[in-house]
Amino acid sequence: MENVTLEGVIERLDRLEKVVVDINLQLSLIVKQLVSNDSEICTTSEEATTANTQGEKEDADIGVKIIEEILERMGYPPDFDPGPIEELRESMRQHGIRAEDNEFSRAIIEEREK
């Protein structure tokens, strides 16, 4: 792994925060659009059930497309497979990365233990 300075880490964190804000904005707009579309359409219970099932599939597709777009912007190839979470955690441990050392991870761990 390359030598990473504190400034480099801060820069990466800032970029990551901007991406997260952008994702939240996009998701908010999508939800707002879907909610307004749902309120405009009045259907019978049978039609509503069918529409909800189709809507859930479309929601899942939208989420997948957004995540793929974000990964593409970050430079990951379309066929990128992150692998199982256990392998990621083991790799992090091997590289000396400990969740306990990260402020955000500590907060998550503390909340989980409550």
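See the structure above.
Predicted, not measured: the structure shown is a model, and the values here were computed from it.

K.L.:
Provide a residue-level description of the pattern of salt bridges, including the pertinent values.
P.N.:
Working definition: two side chains of opposite charge can pair if their charged atoms are close together. One pass over the structure, following the stated rule, counts four salt bridges. Ionic pairing is found between aspartate 22 and arginine 73, a salt bridge with its closest N-O pair at 3.1 Å. Here the residue aspartate 22 occupies a position in helix 1 (residues 6–40), and arginine 73 occupies one in helix 2 (residues 45–73), the gap between them amounting to 51 residues. Through salt bridges with shared partners, a single ionic network connects Asp22, Glu69 and Arg73.

K.L.:
I'd like a description of a nonpolar patch on the surface, backed by residues and values.
P.N.:
Together, Val4, Leu6, Val9 and Ile10 make up a nonpolar patch on the protein surface, roughly 340 Å² of accessible area in all. Following the sequence through the fold, isoleucine 10 ends up in helix 1. Here isoleucine 10 falls in the partly exposed class, since its relative accessible area comes to 43%.

What counts and how
- Residues numbered from 1 in each chain as written.
- Predicted model: local features only at pLDDT ≥ 70, side-chain atom pairs only at ≥ 80, totals over all residues.
- Heavy atoms only, no water.
- Salt bridge = Lys/Arg side-chain N within 4 Å of Asp/Glu carboxyl O.
- Helix = DSSP H or I, 4+ residues; strand = E, 2+ residues; numbered from the N terminus.
- Patch = residues over 30% accessible without salt bridge, like charges linked within 9 Å, V, L, I, M, F, W, Y side chains within 5 Å.
- Areas by Shrake-Rupley, 256 points an atom, 1.4 Å probe, with all protein chains shown as cover.
- Buried < 20%, exposed > 50% of the residue type's maximum accessible area, 1.4 Å probe, protein only.

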